[in-house]
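# A closer look at the structure
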Amino acid sequence: MDKNELTGAETLVYAKPRLVNDTEMHYCPGCSHGVVHHLVAEVIDELGWAEKTIGVSPVGCAVFAHKYVDIDWQQAAHGRAPAVATAIKRLNPDKMVFTYQGDGDLAAIGTAETIHAANRGENIAIIFINNAIYGMTGGQMAPTTLNQMVTTTCPEGRDPRIMGNPLKIVDMLALLDGVCLATRQSVHTAAAVKKTKRMIKLAFENAMANKGTSIVEVVSSCNAGWRMNPVDANNWMAENMLSVFPVGDLKNL
Amino acid sequence: MAKVKGYVEVNTQRCKGCNLCVVSCPADVLELQPREVNDKGYHYVYMKNPDDCIGCANCGYVCPDAVLTVYRKKIEEKEKV
Amino acid sequence: MSEEISLMKGNEAIAHAAVRYGADGYFGYPITPQSEIIETLMELAPWKTTGMIVMQAESELAAINMVYGGAGCGKAVMTSSSSTGMSLKMEGISYIAAGELPCLLVNVMRGGPGLGTIQPSQSDYFQTVKGGGHGDYRLITLAPYSVQEMADFVALGFDLAFKYRTPSMILTDGVIGQMMEKVRLPEFKRRRSEEEIRKQCPWATLGRTPDRAPNFLTTLEMDSSLMEQRNIHLQAKYKEIQQNEVRYQEVLCDDADYLLVAFGSAARICLKTVDLARAEGLKVGLLRPITLWPFPSEILEKYASKVKGMLTVELNAGQMVEDVRLAVNGKMPVEHYGRLGGIVPTPDHVLEALKKLI
C-alpha cells in the first residue's frame, strides 16, 4: 500500500502536540526534555486549559521551555520556581499553575522553596526532570548524581563519604501533609511515556481541584552530560538509575 | 481477517538522528539513513521496512523532537478461496 | 466626610496604605525593625475584605521571588525587609528590574554591615541607588521622612512602578518605621479586576487568550546584540524617569548661605538644626531629596553657585555625599556628617558639625 492510502485525518494516531510550536528545540539529540515537553503540551490541550495555564520554567536546560509550548510562561531565578508559582496561584486561584524544574534547580539551590511550597500544600504541579547531572553547564555533579557516577566535578566518581548520597527528594516530599501526589516515572519507552502522561494529567487536575501539591519526577537521561549516545544513555538509565530512583507512586491521595 | 497497516511520516529536516525511535519499534521498521544526512548533518530516520509498520506509534511517543507523524489503518483482507 | 486621622507607627502606616491602595499581595519574612508591616497586615486580614493576599514566606529569597511571580501577572504586589534581608533579595530585584515588572519594595534600614544592629541606619543608600543586585538597572527610590509620607509613598511607589514598569523602593529606616505620628490614611481603592489588569498590562502572564500570542517573562537573552538592545531600552526608560520624576523639598533655601542636604530620618533631624541655626543668626537651609534615584542633581547644581557650602547629614559613613559632590561638581565644598552603627545624632550634633564647616 502506498502512503496516500494510509495517511489522513481518520487514520492519524500520533502527531506533534498542537500546543508545541514549530520552533526547533535546543535540546541535544535524544534528550528526555523534549518528550516531557510534548506530554505537558498534550495534557494541557486535552484538558482544554491552554487559556488558564501558567507555566514556570527554571534555570537549567529547560530555561527556554517558553519558546516551545504556546502557553503563558514565567522563567524563574535558579531554584525559585515553586515560590514564583506559589504567588501566581495564590493571586490567580482559578488558573492551573505548574513548575518545570531540573534536579539542580529543584533539589539543590531550590530545596527550601520546593519543600516549603509542598509543605504549604500549594495547589500547583511540579514536573521534576531528574537526570542526575547538571546538563546546561556541561555535566557537573547534581544532588541526584549516583554514587560512583563520573561527572566533571567528581571525575573519579561520586564518593558518598565526601559528596553525600543521591538526594531522594521526592521521597522526602511524599512525607509532607501538603503533598497529594508524589510519583516517579520515566520516559525511556513508549509504555513509560504513556504512564508519565497519565500522572502529569493527574497532577494538573489535582492543581485545579485544590488538592495540594503534586510532584511528578521523571527519571531522565542526559546523554550529552553522561558522554553516551542516546540509546546507551536510556539503557544505562534503566539499568542504574531506576534501582536508586524506582518508578512508582510514593503517594497518591 | 483484518490486518493493521501503519505509516510513519518523517520530518527529515527536524530529525536529530538520536535513534530512540528505531529501538522503540517492535517491528523493525525504522532505520537511520546510513549515508544521507539532513541540512543539519544528522542521519535522519526513514522507513526501512514500511510494509511491516503496524502504526503502534511507539516511535512518535519516544521522539524528543516530534518529527514523526504516525497513521494506522485496518485493512480487510479478502478471503482466499 | 470627617477626616480620618490615626496615630500609628510608620511601619503600620505602610500596611494600612497598602490595603487601601488596592494592593493584590504582600510577601515577606520577619526582620526587625520592620516586622510590624507583616504583623499589621495579618491583623488587618485583607483577604477577608479587599481580597489582598498576605503571605509569610520561608525566606527573603522566596518572598522576592513571590513578588516576581505576582508582578509578572500584572498584580500590585510588594515586599518589605530590613538591610540584611534586603541583601538577600537583591538577585530577585535585579530580575524584576530586568523583567520590567512593577512592584513596591520597602527597606526599613538597620545598621550594618553583616548582621549589624537592629538600630536605625541609612547605610543601604549605595545598595539601593547604585545597584545592589547585578547588572545595569535602577530603582525608583522614595525616602519618606514622616509617618504621613510612609503612607503616601505606598500609592506613589506603586503608581510610578506601573507607569514605568519598574520596581519602586521605599527606603526608610528604623526611626521612621518605629516612630508614632498622626497620619491621614488614604481612601480605600478597589482592587483591579482581571479584565482591568489584562487591559493595563497586556504583557501579564494571566493565561494566553485566543486574541494574543503567548506571553512569556524571561530575563535571559543569549544573543548579545539583543541583550544590548534590552539594556539600551532600559537606559532610555531610566532617562525618562530622571527627566520626569525628581522630587525634593526645600526648607529656607532661598536666602541660605549654607545648605544641609539630608533624606529621611536625617532630614527630620536637620529640620530642627535649621531652626537652631537660624535662632543663632546663621542662614541655613535644608534641601531634602525625596527621590534618591532619580537624584535631584539639578537643584543642587543651582544652589552650588549661590551658597558657600553644603553639609550632607546621613546615618552612614558618607554615601549620598558622593552624589551631592557629583551634582555640584567642585563648585564649592561639600562635607559629610554621619553617625554609624545605629547611632542617631541630635540636632545639636549636626549644628556643631555645620559650624566646623563655616
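One can find the structure itself at the top, above this paragraph.
Residues numbered from 1 in each chain as written. Chains lettered and ligands numbered in written order. Predicted model: local features only at pLDDT ≥ 70, side-chain atom pairs only at ≥ 80, totals over all residues. Heavy atoms only, no water.

### Remarks on the interface of chain A and chain B
Each partner contributes residues to the interface: chain A has 32 residues there, and chain B has 29 residues. Taking both sides of the interface into account, the surface hidden between chain A and chain B amounts to around 2700 Å²; carbon and sulfur atoms contribute 66%. Applying the counting rule to chain A against chain B returns three salt bridges. Inspection of the chain A/chain B interface yields nine residue pairs in polar contact (both at pLDDT 80 or more). Counting residues per element, the ones that place at least two in the side of chain A that touches chain B are helix 1 (3-6), strand 1 (12-14), helix 2 (32-47), helix 8 (190-208) and helix 10 (230-244) of chain A. By residue class, the composition of the side of chain A that touches chain B is 16 nonpolar, ten polar and six charged. Taken together, the two bridges between strand 1 of chain A and strand 4 (residues 68-76) of chain B define a ladder with antiparallel strand orientation. Along strand 4 of chain B, the bridge assignment pairs Tyr-14 of chain A with Val-70 of chain B. (Contact = heavy atoms within 4.5 Å. Buried area = accessible area lost by both parts, 1.4 Å probe. Salt bridge = Lys/Arg side-chain N within 4 Å of Asp/Glu carboxyl O. Polar contact = N/O pair within 3.5 Å; in protein donor to acceptor, adjacent residues only side chain to side chain. Helix = DSSP H or I, 4+ residues; strand = E, 2+ residues; numbered from the N terminus. Nonpolar A, V, L, I, M, F, W, Y, C, P; charged D, E, K, R; others polar. Pairing = 2+ DSSP bridges.)

### Some words on the pattern of salt bridges
Inspection of every chain in the model, using the stated rule, returns 35 salt bridges over all chains. With a shortest N-O distance of 3.0 Å, Arg-20 of chain C and Glu-4 of chain C are connected by a salt bridge. Taken together, the residues span a long stretch of sequence, with Arg-20 of chain C in helix 1 (residues 10-21) and Glu-4 of chain C in the segment before strand 1 (5-9) at a distance of 16 residues. Residue Glu-4 of chain C is classed as partly exposed on the basis of its relative accessible area of 39%. Put simply, Lys-355 of chain C and Glu-280 of chain C hold a salt bridge, and the shortest N to O gap is 2.8 Å. In this pair, Lys-355 of chain C sits in helix 13 (residues 347-357) while Glu-280 of chain C sits in the loop between helix 10 (264-279) and strand 12 (284-289), placing the two residues 75 residues apart along the sequence. For Lys-355 of chain C, a relative accessible area of 40% corresponds to the partly exposed category. One salt-bridge network, held together by shared partners, links Glu-42, Glu-46, Lys-197 and Lys-201 of chain A. (Buried < 20%, exposed > 50% of the residue type's maximum accessible area, 1.4 Å probe, protein only.)

### A word on the arrangement of the chains
Among the two pairs of chains that make contact, the interface with the largest number of contacts is formed by chains A and C. There is a clear gap between chain B and chain C: no contact, and 21 Å between their nearest C-alpha atoms.

### Remarks on the interface of chain A and chain C
Taken together, the contacts link 34 residues of chain A with 38 residues of chain C. A buried area of about 2700 Å², summed over both sides, lies between chain A and chain C, and 58% of it is on carbon and sulfur atoms. For the pair chain A and chain C, the interface holds three salt bridges. Here Lys-95 of chain A ties to Glu-194 of chain C by a salt bridge, and the two come within 2.8 Å at their closest N and O atoms. Our count for the contact surface shared by chain A and chain C stands at 17 residue pairs in polar contact (both at pLDDT 80 or more). Of all the secondary-structure elements, those providing two or more residues to the side of chain A that touches chain C are strand 2 (53-57), strand 3 (72-75), helix 3 (81-91) and helix 5 (111-119) of chain A. The leading source of residues in the side of chain A that touches chain C is helix 3 of chain A, at seven residues. The class makeup of the residues in the side of chain A that touches chain C is 16 nonpolar, eight polar and ten charged.

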